[in-house]
2 protein chains.
Amino acid sequence: MADSGSKVKKTPFVSAAIEKLRGVGMRITSPRIAILETLDQSDLPLNAYALQEAVTLTGKKVDVVSVYRTLKVLRELDLVHYVQSSDGYLACRLEGEHGSASEMIVCDTCGNVMELDIDPCAMTDLSEQLSSLGFKASRITIEVEGVCKSCDGQ
Amino acid sequence: MADSGSKVKKTPFVSAAIEKLRGVGMRITSPRIAILETLDQSDLPLNAYALQEAVTLTGKKVDVVSVYRTLKVLRELDLVHYVQSSDGYLACRLEGEHGSASEMIVCDTCGNVMELDIDPCAMTDLSEQLSSLGFKASRITIEVEGVCKSCDGQ
DNA sequence: CTCGCTGCAAAAAATTTGCACATTG
DNA sequence: CAATGTGCAAATTTTTTGCAGCGAG
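Throughout this description, residue numbers start from 1 for each chain and increase along the sequence as written. To read the labels, note that chains go from A and ligands from 1, taken in the order they are written. Residues qualify for local features only when their pLDDT is at least 70, as the model is predicted, and side-chain atom pairs are given and counted only at 80 or more; totals for whole chains, interfaces and linings, by contrast, use all residues. Side-chain measures were taken over the full set of non-hydrogen atoms in the model, leaving aside hydrogen atoms and water.

Caption draft 1: Local environment of the layout of surface pockets. If you add up the space inside the largest pocket, you get close to 870 Å³. Lining the largest pocket are 35 residues, with Gln84 and Glu143 of chain A together with Tyr82, Gln84 and Glu143 of chain B sitting closest to its centre. It is strand S5 (residues 136-147) of chain A that provides the largest number of residues to the lining of the largest pocket, a total of 7 residues. Under this grouping Gly is polar, as are all residues other than the nonpolar Ala, Val, Leu, Ile, Met, Phe, Trp, Tyr, Cys and Pro and the charged Asp, Glu, Lys and Arg. Partitioned by chemical class, the residues of the lining of the largest pocket number 10 nonpolar, 14 polar and 11 charged. Residues are called lining when one of their atoms sits within 4 Å of a cavity or pocket point, these points coming from a 1 Å grid over the protein atoms alone, where a cavity is a set in which a 1.4 Å probe fits but cannot get out and a pocket is an open set with protein on both sides within 12 Å along at least five of seven lines. Grid points are joined across faces, edges and corners, and a volume is the space filled by probe spheres set on the points. Only runs of H or I of at least four residues qualify as helices and only runs of E of at least two qualify as strands under DSSP, and these elements are numbered from the N terminus.

Caption draft 2: Summary view of the packing of aromatic side chains. For Phe, Tyr and Trp, rings pair up if their centres lie within 6.5 Å, where Trp contributes its six-membered ring, and each pair is then called stacked (planes under 30 degrees apart), edge-to-face (over 60) or tilted (otherwise). Throughout the structure, instances matching the rule amount to 2 aromatic pairs over all chains. With a centroid separation of 5.1 Å and 55° between ring planes, the pair formed by tyrosine 82 of chain A and tyrosine 89 of chain A is classed as tilted.

Caption draft 3: Inspection of the confidence of the model for chain A at higher detail. A residue's pLDDT is the predictor's confidence in that residue, given on a scale from 0 to 100. Of the residues in chain A, 91% have a pLDDT of 70 or more, and the chain-wide mean is 91. Throughout residues 1-6 of chain A the model reports pLDDT below 50, and contacts reaching past four residues in sequence, or to other chains, amount to 9 contacts. Only heavy atoms matter for contacts: two residues are in contact if any of them lie within 4.5 Å across the pair.

Caption draft 4: Fine view of the relation of the copies chain B and chain A. Here the copies were fitted onto each other by least squares, based on C-alpha atoms from residues at pLDDT of at least 70 in both. Note on the copies: chain B fits chain A at an RMSD of 0.0 Å, the axial shift is 0.0 Å, and the rotation between them is 180°. Between the two chains, the operation in question is that of a two-fold axis. Scanning chain B for the C-alpha nearest the rotation axis identifies isoleucine 142 of chain B, at a separation of 2.2 Å. Of the residues that chain B buries at the interface, 100% are likewise interface residues in chain A, meaning the two copies contact each other through the same surface.

Caption draft 5: Just the domain arrangement of chain A, in detail. Residues and elements named next belong to chain A. Segmentation of chain A into domains returns domain 1 (5-91) and domain 2 (101-152). Each of domain 1 and domain 2 was reduced to a C-alpha centroid, and the two centroids are 23 Å apart. Between domain 1 and domain 2, the residue contacts involve 13 residues of the former and 12 residues of the latter. Each of two parts loses accessible area, computed with a 1.4 Å probe, when they are put together; buried area is these two losses added. For the pair domain 1 and domain 2, the summed buried surface comes to about 820 Å²; carbon and sulfur atoms form 52% of the total. When the buried area of domain 1 at its contact with domain 2 is split by residue, Leu44, His81 and Ser85 rank highest and sum to 46% of it. In what follows, salt bridge is the name for a side-chain nitrogen of Lys or Arg lying within 4 Å of a carboxyl oxygen of Asp or Glu. Between domain 1 and domain 2 we count 1 salt bridge in total. The closest approach of N and O atoms between arginine 139 and aspartate 78, which form a salt bridge, is 2.5 Å. Think of a polar contact as two N or O atoms within 3.5 Å of one another; within protein, one of them needs to be a possible hydrogen donor and the other a possible acceptor, and neighboring residues in sequence only count if both atoms come from side chains. At the boundary of domain 1 and domain 2, one finds 4 residue pairs in polar contact (both at pLDDT 80 or more). Elements that contribute at least two residues to the side of domain 1 that touches domain 2 include exactly strand S1 (80-83) and strand S2 (88-91). Residue composition of the side of domain 1 that touches domain 2, grouped by class: 6 nonpolar, 4 polar and 3 charged. The domain boundaries here were taken from an automatic or database domain assignment.

Below is the structure:
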């Protein structure tokens, strides 16, 4: 019984993640589903302990160790992004579009993170410089900190 | 006596850093100089313990605690960049040019890091999207992982 | 059934804090 | 001299590891 809330229909992120896990031959377990769902419902990046706590609030229970192990897997599958400035992981909802690239803007005030949908490989100035250096990029991370529109008017 | 090696003339990075520290009213102490010089001579990013070890190799001695405290200061003054993929700090040699922006390419093979000299605020695609979102950026970090030219031919 | 995943206990590593003493400016 | 910064000890926090038992496929 690795069913989270029984016949709750999964969100796009969770179903995609499950597919991806299955595709790689990993098992779909209840702790993993709980973690995916919790990540999916969080606006803010969560680190291992915060994630465990958040899962606990939903009534389920996961060991921090499993959170660590699961986060490691999710990161490898590009299902979550690590957000440096918030020290936490965020569900990657644009998954599949830009491969292992992540571009996000993080509001220092409200902490909200928004993924950008620029393809970094297509960013003229950047890719130009990369190719002139003969550098073969395999992963690009762009993190912009600042103040978002709604927080701007204080 | 906060003189590192007596009358050794400081490299641009170290002198600039000292100036910046002085400008903010911070003291120029020997542990700090040792840390700055060690960072300056390292091609690879160093974390607190690696940095302490590296300083020790030069004959000087610093407590890890001081390394942590100093790194914190240097980070605040934008004198070092944190490199996510290597989990370490790197002397910021392009300092002053792009303010609190950092763009670097990290070779997964040799670990070398090179700073790019693109001004992210001028990256057309990026700044366009930021302004259309009404986001006021205060710090931009771009990290590109991949394989550098010299490592490419294996 | 079997192998992967989980929880628990515990070890190891990383980071922080308090405080007396040393040093810089 | 008066802050500031340093080292040392120790507390905390974070992350990793080993292993027996459960559960997904």
